[in-house]
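Coordinate analysis (summary)
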Amino acid sequence: MSQSIPLSVLDLVPVLEGGTLHEAYAHAAALAAHAEGEGFARYWVAEHHGMPGIGGAATSVVLAHVGGHTSRIRIGSGGIMLPNHAPLQIAEQFGTLDALYPGRIDLALGRAPGSDGRVAMALRHGDPDAFPQQVMELQAYFAGDARAGFPAVPGAGARPEMWVLGSSTYGAQLAAAMGLPYGFASHFAPAMLDEAVDVYRRLFRPSAVLDRPHVMVACNVFAADTAEEARFLASTMQQGFVALRTGQGGGRVKPPVENYYENLPAPHRAMLDQVMACTAIGTQGDVEAMLRRLIARTGADEIIVAGQMFDQEARRRSFSIAAAAMRAL
């Protein structure tokens with residue numbers, strides 16, 4: 001792996017059409033172990049709710065499972081949607097993970113519900129504008145701040161690495177003000193990538209945990225030994241984006257389709273081109289070229305790679321190719 005730019009994995013824990021949740025969690029553990037073997041720095045799970053094709057809703061539970069199948073790779077949330085939770089509960093959950101897997105836990109935080117409005121109501125999703133106060137409350141629990149009147153047990157004294165995530169300048173401003181590392185969700189919302197990274201770096205204030213800005217940029221990789229196979233594998237995620245954007249989402253992860261992109265109406269292709277602008281589809285050389293452009297464009301300190309696929313062996317192979325591409329830079 002490149003010594004200067006760590007590469008990590010973002011997993012949505014895909015639940016496959018015709019498959020089971022049990023299989024999805026087995027695949028998650030296998031992917032994390034594979035990523036560890038390939039030298040990836042982190043394995044993160046995203047919190048989403050009410051989506052039959054995504055198995056990471058109980059994020060801390062999935063991480064506890066994955067931790068037992070790995071030994072070195074950092075594991076964490078990418079992210080926990082904090083307004084869905086009481087900060088004390090997250091302090092307890094990630095304090096538990098920190099005790100189980102000391103020195104390996106990341107806690108990246110976002111403010112979106114990770115769902116639609118109905119699910120957000122069922123989750124009692126709180127005020128997104130209270131997100132900064134929630135982050136500070138969470139920090140206080142980990143620090144063992146006596147003003148709460150009681151300790152978080154587990155939690156007090158735990159040292160998960162905290163991040164702020166975002167897809168706009170809001171999270172960039174918060175991460176900068178708090179002196180925390182920042183991750184941008186350019187794997188599905190790339191439009192404000194450049195502006196958000198610039199805002200974060202310009203406004204950054206050093207803190208006890210970070211003395212200078214630290215940016216992680218997300219992208220998708222669908223890599224294979226031939227460009228044709230890579231395009232075929234990518235059609236799974238393309239189908240998911242089209243379903244979401246046309247109001248037909250909600251199903252499990254679908255098998256790939258030959259020539260899917262080429263046979264779409266022009267407006268659908270344009271939508272995919274926009275939403276997947278930070279994506280490499282092709283061979284190792286194609287992945288190298290995309291990573292080189294993305295790093296030059298953003299000055300990223302880290303890269304995190306996503307990529308929903310149906311064939312899990314092909315998915316692991318794709319991440320291996322991504323790792324080889326980063327080593328070659």
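See the structure above.
Described below are features of the structure shown in this document. Predicted model only: the values in this text are computed from it and were never measured.

1. Remarks on the overall build of the chain
Counting secondary structure elements, the chain contains 11 helices and 9 strands. Relative to the globule expectation of 20 Å for 329 residues, the C-alpha radius of gyration of the chain, 19 Å, shows essentially globular dimensions. The C-alpha extent of the chain, read off along each of the three principal axes, is 60 × 40 × 40 Å. Here the chain holds 329 residues, and 53% of them are scored as buried. The long-range fraction of contacts in the chain, counting pairs at least 24 apart against all pairs at least 6 apart in sequence, stands at 74%. In the structure as shown, the chain presents an accessible area of about 14000 Å², 55% of it carried by carbon and sulfur atoms. Averaged over its 25 positive side-chain charges, the chain has a centre that lies 3 Å from the centre of its 31 negative ones.

2. Examining helix α7 (residues 193–203)
Taken residue by residue, α7 has L193, A196, V197, V199 and Y200 as its buried positions. Looking straight down α7, one finds that the buried residues subtend no more than 160° of arc, so they occupy a single side. In this fold, the buried residues of α7 make contact with α6 (169–178), β6 (182–184), β7 (215–223) and α10 (284–298).

3. Re the side chain of Q238
Checked against the element boundaries, Q238 lands in helix α8 (residues 227–245). In this structure, Q238 is in contact with Y260, Y261, L272, M276 and I281, ignoring residues within four places of it in sequence.

4. Quick word on helix α2 (residues 59–67)
Think of an α-helix as 3.6 residues a turn; residues three or four steps apart then line up on the same face. T59, S60, V62, L63, V66 and G67 are the residues of α2 that are buried. Around the axis of α2, the buried residues are gathered within 155° of arc, so they sit on the same side. For α2, the elements touching its buried residues are α1 (21–37), β2 (42–45), β3 (74–81) and α3 (87–100).

5. Section: the packing of aromatic side chains
Taken as a whole and judged by the stated rule, the model has 6 aromatic pairs. Centre to centre, the rings of Y141 and F150 are 6.2 Å apart; their planes meet at 35°, and the pair counts as tilted. Residue Y141 is classed as buried on the basis of its relative accessible area of 10%. When the centroid spacing of 6.5 Å and the interplanar angle of 65° are considered together, the rings of Y182 and F184 count as edge-to-face. Accessibility classification places Y182 together with F184 in one group, the buried group. The ring of Y170 is capped by R111, whose NZ or CZ atom sits 3.6 Å from the centre of that ring.

6. Digging into the nonpolar core
Ranked by size, the top nonpolar core spans 73 residues in total, and within it Y43 and I303 carry the most contacts. It is helix α11 (residues 312–328) that provides the largest number of residues to this core, a total of 6 residues. Aside from chain neighbours lying at most four places away, what touches I303 is I5, P6, L7, S8, M216, V217, C219, L291, L294, I295 and M326. Listed in part, the 16 residues of the second largest apolar core include A230, L233, L264 and V275.

7. Focus: the environment of F188
Along the chain, the position of F188 falls in the loop between β6 and α7. Placed 110 residues apart in sequence, F188 and G78 show a C-alpha to C-alpha distance of 13 Å. In contact with F188, not counting residues within four places along its chain, are F241, R245 and V275.

8. Comments concerning the environment of R231
Topologically, R231 is positioned in helix α8. Sequence-wise, R231 and Y260 are 29 residues apart; in three dimensions their C-alpha atoms are separated by 8.8 Å. Excluding residues within four positions of it along the chain, R231 makes contact with E262 and I281.

9. Looking at the pattern of salt bridges
Overall, the coordinates contain 11 salt bridges when judged by the stated rule. The residue R327 makes a salt bridge to E38 at a minimum N-O spacing of 3.9 Å. Of this pair, R327 sits in helix α11 while E38 sits in the loop between α1 and β2, and the two are 289 residues apart along the sequence. Here D106 makes a salt bridge to R42, at a shortest N to O gap of 2.9 Å. Placement of the pair is D106 in strand β4 (residues 105–110) and R42 in strand β2, with a sequence separation of 64 residues. Each member of the pair D106 and R42 is classed as buried.

Each value, and the rule that gives it
Residues numbered from 1 in each chain as written. Predicted model: local features only at pLDDT ≥ 70, side-chain atom pairs only at ≥ 80, totals over all residues. Heavy atoms only, no water. Helix = DSSP H or I, 4+ residues; strand = E, 2+ residues; numbered from the N terminus. Rg over C-alpha atoms; globule rule 2.2 N^0.38 Å. Buried < 20%, exposed > 50% of the residue type's maximum accessible area, 1.4 Å probe, protein only. Contact = heavy atoms within 4.5 Å. Areas by Shrake-Rupley, 256 points an atom, 1.4 Å probe, with all protein chains shown as cover. Lys, Arg positive; Asp, Glu negative; His and termini not counted. Charge placed at Lys NZ, Arg CZ, Asp CG, Glu CD. Arc of directions from axis to C-beta. Phe/Tyr/Trp six-rings, centres within 6.5 Å; stacked < 30°, edge-to-face > 60°. Lys NZ or Arg CZ within 6 Å of the ring centre and 35° of its normal. Core = buried A, V, L, I, M, F, W, Y, C linked by side-chain atoms within 4.5 Å. Salt bridge = Lys/Arg side-chain N within 4 Å of Asp/Glu carboxyl O.

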